[in-house]
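# Structural features, examined
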Amino acid sequence: MSLPAASMPLRVYVSRDASALALGADATARAIEAVARERGIAIDLVRTGSRGMFWLEPLVEVEVATNGASTRIGYGPVAARDVAGLFDAGFTRAGAHPARVGPVESLDWLARQDRLCFARVGVTDPLGIADYVAHGGFRGLRNALAMAPADIVKVVIDSGLRGRGGAAFPTGLKWKTVLDAPVTQPAAGPQPSKYVVCNADEGDSGTFSDRMLMEGDPLCLVEGMTIAGIAVGATQGYIYLRSEYPHARRALDAAIANAYAAGWLGADIRGSGRRFDLEVRIGAGAYICGEETSLLDSLEGKRGQVRFKPPLPAIKGLFGRPTVVNNVISLASVPLILERGAAYYRDYGVGRSRGTLPIQLAGNLKRTGLVEKAFGVTLRELLYDWGGGSYSGRPIRAVQVGGPLGAYLPESQFDTPLDYEAFASIGAMLGHGGIVAFDDSVDMAEQARHAMEFCAVESCGKCTPCRIGSTRGVEVLDRLRAGIDRERQLALLEDLCTTMRHASLCALGGLTPDPVTSALKHFREDFGISTPRE
Amino acid sequence: MGDTPSTHDSSPADGDMTLGQRAAVDAVLALHRGRPGALLPILHGIQDALGWVPPAALPSIARALDLGRAEVHGVVSFYHHFRSTPPGRHVVRLCRAEACQALGARALEAHVKQVLGIDWHGTTADGALTLEPVYCLGNCGCGPSLLVDDDGLHARVTPASFDALVAELRR
Ligand SMILES: Cc1cc2nc3c(=O)[nH]c(=O)nc-3n(C[C@H](O)[C@H](O)[C@H](O)COP(=O)(O)O)c2cc1C
Ligand code: FES
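Residues numbered from 1 in each chain as written. Chains lettered and ligands numbered in written order. Predicted model: local features only at pLDDT ≥ 70, side-chain atom pairs only at ≥ 80, totals over all residues. Heavy atoms only, no water.

As annotated in an unreviewed UniProt entry, chain B carries the name NADH-quinone oxidoreductase subunit E and is attributed to Dokdonella fugitiva.

Named according to an unreviewed UniProt entry, chain A is NADH-quinone oxidoreductase subunit F originating from Dokdonella fugitiva. Recorded under Sequence similarities (unreviewed entry), the UniProt text for chain A is reproduced unchanged: "Belongs to the complex I 51 kDa subunit family." (UniProt positions renumbered as here; feature names shortened; annotations may be inferred.)

## Details of the overall build of chain A
Looking only at helices and strands, one finds 21 helices and 16 strands in chain A. Pairs at least 24 residues apart make up 69% of the contacts formed inside chain A by residues separated by at least 6 positions. By element, 52% of the accessible surface of chain A is carried by carbon and sulfur atoms, the whole surface being about 19,000 Å². Positive and negative side-chain charges of chain A, numbering 58 and 59 respectively, have mean locations separated by a distance of 3 Å. (Helix = DSSP H or I, 4+ residues; strand = E, 2+ residues; numbered from the N terminus. Contact = heavy atoms within 4.5 Å. Areas by Shrake-Rupley, 256 points an atom, 1.4 Å probe, with all protein chains shown as cover. Lys, Arg positive; Asp, Glu negative; His and termini not counted. Charge placed at Lys NZ, Arg CZ, Asp CG, Glu CD.)

## A short note on unusual backbone geometry
The residue after Gly76 of chain A, namely Pro77 of chain A, is reached through a cis peptide bond having omega -10°. You can see Pro77 of chain A is positioned in the loop between strand E4 (69–75) and helix H3 (83–88). For the bond running from Gly143 of chain B to Pro144 of chain B, omega is -5°, close enough to zero to count as cis. Structurally, the position occupied by Pro144 of chain B is in the loop between strand E2 (129–134) and strand E3 (146–148). Even without being glycine, Ala168 of chain A reaches a positive phi, approximately 60°. The backbone phi angle of His121 of chain B is positive, close to 70°, even though this residue is not glycine.

## Topic: the sheet that holds strand E2 (residues 43–48) of chain A
Residue and element names in this part refer to chain A. An order of E2-E1-E3-E4-E5 is seen for the five strands of this open sheet, with the pairing classed as mixed. Lying at the two open borders of the sheet, with one neighbouring strand each, are E2 and strand E5 (100–103). Averaged over neighbouring strand pairs, the angle between their axes works out to 25° when direction is ignored. Where strand E1 (residues 10–15) and E2 come together, six bridges link them in parallel fashion. What sits directly across from Arg11, in E2, is Asp44. Across the sheet, helix H2 (residues 25–38) touches E1, E2 and strand E3 (60–66), and the angle it forms with E2 is around 170°. (Pairing = 2+ DSSP bridges. Axes fitted to C-alpha atoms, helices over the stretch in contact; angles between N-to-C directions.)

## Description of the layout of surface pockets
All names here are of chain A. Taken as a whole, the largest pocket spans an internal volume of roughly 1,200 Å³. In this structure, the largest pocket is lined by 49 residues; those nearest its centre are Gly165, Gly166, Ala167, Gly290 and Glu291. Elements supplying a minimum of two residues to the lining of the largest pocket: helix H8 (171–180), strand E9 (323–327), helix H16 (420–425) and helix H20 (507–511). Considered class by class, the residues forming the lining of the largest pocket number 23 nonpolar, 14 polar and 12 charged. (1 Å grid on protein atoms, 1.4 Å probe; cavity = no way out; pocket = protein on both sides within 12 Å on 5 of 7 lines; lining within 4 Å. Points joined across faces, edges and corners; volume = space filled by probe spheres on them. Nonpolar A, V, L, I, M, F, W, Y, C, P; charged D, E, K, R; others polar.)

## Some details on the side chain of Ser159 of chain A
Residues and elements named next belong to chain A. Residue position: Ser159 is located in helix H7 (residues 149–159). The exposure class assigned to Ser159 is buried, which follows from its relative accessible area of 0%. With sequence-adjacent residues up to four places away left out, Ser159 is seen in contact with Ile337, Ala342, Tyr345, Arg346 and Arg354. (Buried < 20%, exposed > 50% of the residue type's maximum accessible area, 1.4 Å probe, protein only.)

## So, the packing of helix H19 (residues 486–503) of chain A against helix H21 (residues 513–522) of chain A
Helix packing geometry: the angle between the two helix axes and the distance between the axes. Residues and elements named next belong to chain A. The contact between H19 and H21 brings their axes to 10 Å, and the two run at 145°. You can see that H19 and H21 cross each other, and the crossing is left-handed. On H21, the residues that touch Leu490, Leu493, Glu494, Cys497, Met500 and Arg501 of H19 are Pro513, Asp514, Val516, Thr517 and Leu520. Of the residues belonging to the contact of H19 with H21, the class tally is seven nonpolar, one polar and three charged. (Left-handed = near helix turned anticlockwise from the far one by under 90°.)

## Section: the environment of Ile337 of chain A
Mapped onto the elements, Ile337 of chain A comes out in helix H13 (residues 328–340). In the structure, Ile337 of chain A is positioned 189 residues away from Ala148 of chain A in sequence and 16 Å away in space, judged by C-alpha atoms.

## Details of the interface of chain B and chain A
Taken together, the 40 residues of chain B in the interface contact 60 residues of chain A. Both sides together, the interface formed by chain B and chain A hides about 3,900 Å², and carbon and sulfur atoms give 55% of it. The three residues of chain B that bury the most area against chain A are Phe78, Glu98 and Tyr135 of chain B, which together make up 17% of that side's buried surface. Joining chain B to chain A, the criterion identifies four salt bridges. For the interface between chain B and chain A, the tally reads 26 residue pairs in polar contact (both at pLDDT 80 or more). Counting residues per element, the ones that place at least two in the side of chain B that touches chain A are helix H2 (39–50), helix H4 (69–78), helix H5 (98–101) and strand E4 (152–154) of chain B. The element that contributes the greatest number of residues to the side of chain B that touches chain A is H2 of chain B, accounting for five residues. For the side of chain B that touches chain A, the per-class residue count stands at 21 nonpolar, 10 polar and nine charged. (Buried area = accessible area lost by both parts, 1.4 Å probe. Salt bridge = Lys/Arg side-chain N within 4 Å of Asp/Glu carboxyl O. Polar contact = N/O pair within 3.5 Å; in protein donor to acceptor, adjacent residues only side chain to side chain.)

## Structural notes on the packing of aromatic side chains
Each aromatic ring pair is specified by the distance between its two centres and by the angle formed by the two planes. Scanning the entire structure with this criterion turns up 15 aromatic pairs over all chains. Taking 5.9 Å as the distance between ring centres and 70° as the angle between the ring planes, the aromatic pair formed by Tyr344 of chain A and Tyr348 of chain A counts as edge-to-face. Tyr348 of chain A sits in the partly exposed class, given a relative accessible area of 23%. Between Phe454 of chain A and Tyr135 of chain B, the aromatic rings sit 5.1 Å apart at their centres with planes inclined by 65°, giving edge-to-face as the arrangement. On the criterion of chain membership, the pair formed by Phe454 of chain A in helix H17 (residues 444–458) and Tyr135 of chain B in the loop between E2 and E3 is interchain, its members lying in two chains. Comparing Phe454 of chain A with Tyr135 of chain B, the two get one shared label, buried. Aromatic ring contacts, followed pair by pair, group Tyr75, Phe87 and Phe91 of chain A into a single cluster. Of note, Arg340 of chain A hangs over the ring of Tyr344 of chain A, and the distance from its end group to the ring centre comes to 4.8 Å. (Phe/Tyr/Trp six-rings, centres within 6.5 Å; stacked < 30°, edge-to-face > 60°. Lys NZ or Arg CZ within 6 Å of the ring centre and 35° of its normal.)

## Description of the side chain of Thr171 of chain A
Residue and element names in this part refer to chain A. With respect to the secondary-structure elements, Thr171 resides in helix H8. Overall, the relative accessible area of 0% leaves Thr171 in the buried class. Excluding its chain neighbours within four sequence positions, the residues that come into contact with Thr171 are Val156, Leu161, Arg162, Gly163, Asn326 and Ser330.

## Concerning the site of ligand 1
Residues and elements named next belong to chain A. With respect to spatial proximity, 19 residues lie near ligand 1, and among them Gly165, Asn199, Asn326, Asn327 and Ser330 are the closest. One of the backbone N or O atoms of Gly165 is found 2.7 Å from an oxygen atom in ligand 1. Of all the cavities here, the one that holds ligand 1 is the largest pocket. Within the residue set of the shell around ligand 1, elements represented by two or more residues are E9 and H20. (Near = heavy atom within 4 Å. Sits in = over half its atoms within 2 Å of the grid points.)

This is the structure in structure tokens:
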């Protein structure tokens, strides 16, 4: 191991990801700069996204040259008070220290992933165009600019990419509908004839992959949306970002400004004669605005209420124009597909779930964070091999996958592979890929009540089964938990769930019964029921 | 939740705002009124400037966008984010969602309410803190989570670390 050339300042990397900041990354970064100055060591401190290993944050990486190649050696977690000691241990030369974890990319946790969408996150300067291009950025868009729109759409169809926002609809087919949609000019309204809207509302508890991507590689989303615009003939894009994500907002605004300045956005993208404009719009704390038609109403400046479908947004979307609405991860997966080809992406995965899923390990786990992996990995591998078991040290009792509308799974279902169809077959859903683990101190009747309460709080109010059904659901569960007339409450609850499932206008009311009935089915004892399950 | 503007109207008028508030609202309207779907950017602009959306600002928003006042009110009241009363000096948003529950958010919530002596949307007697619920802050790998003001995200919050945070915010 040799020192970097004396003229080259030493590169040190610290994350600026919101979770890393919440764990103290800013104070650590400031301490590194202060101690370096004090000791006369020239360093170039690069703020990156997060590698997604939260138990190691704040993670400090230092670049060292080994046989001509550079390797990043990690130390973590490093609090501000540990920084002087880190210098004492010679961390700038990759010296030994209790927090040293070795070459970061060789860590089992990372090395066993398939980082396609997240290849640059935690590695590059998220805002720098030069760094983005040096790491493969804009190659997909360059290819797309030389292709006919229908050919771009065909590549996306052939890749097998399905929407990562929850419903898993084939992305390419949606784009084809928008490409083929005739533009009927509404009497009034703004200029563009078609739109690309990025759903960055990420409301599901246990999910943060959209946030990490937007903070850690926002230009990848810019590139994916631009490709979508060129593919379907849209000249205006909006990113609808939830208001709870101030750090992502800053990263996106800066990345978009840099892309404009470098000619990657605007009236004439890199001299191609193609136009695409992009701006960020901020939501206002309504879970329902993640539902695509509510989102569009919200973007139009209205209350975020669900629209009746049809017409599909692809035909009649924002301001009545054909509109692509896609999740952040769906759009950010596209540049690589256009760069490497459909087959490269499709070769990952199983069955009809092609490619990779950025999985988020959350809740009561020892090692939480982001695992991007080809479909087919099992829940058990994720919970124990990656997650390391529970944070509390107690047995993992229940796992909720797919956000607040996802089913609760017991230990007997942990061998289910992550695959849309496999999850559907056990009455569960993958959704946006969030996995929330609970230990054995959980009260599943309380979780069921929470599911109903959440639906009551977040219902847009347009349909009765969701709005009233959820409020009744809370009352029934309160009586059930109090042990009042159990059989009657159980019958009422069954009834309510059936009505909500079949008569709600959208999946908020339609899926809220899933966490409730799965809890009831698999954890009967928590509801004071001793009868064996049917 | 009515959408029709009422003819008989006793809601606050423009005159109920201070000069400073008036100026902030006018500046926001001038900046955003021409944008497609301008209402949310306008409401955000006002709340970012004033900390809340004074009901007295609604008539001028409605005029600027050619909407009914009741329609604007309907939008403001639909979204949890917008406040119609002024908050305390700091706003603390505590996560109530599942991943944080799995790490003790319910016990933390009880502690927070007891220590501050307020319920959701309440403001402490000294005007220092307003407490608001939030369902997920995207910090689900390191909960329980809370957000102070615009971007002060806190991870792995315990009753003890919360007390220390409050002492700091009150200083
Ligand atoms: C209640 C509800 C909330 C939703 N929240 C989100 C969300 O936060 N982010 C998202 O991408 N999709 C969300 N969806 C799914 C969207 O309606 C839509 O399917 C998605 O944006 C389409 O993009 P995709 O095909 O790329 O997944 C939600 C759906 C429902 C019913
Ligand atoms: S559940 Fe609390 S931050 Fe996501």
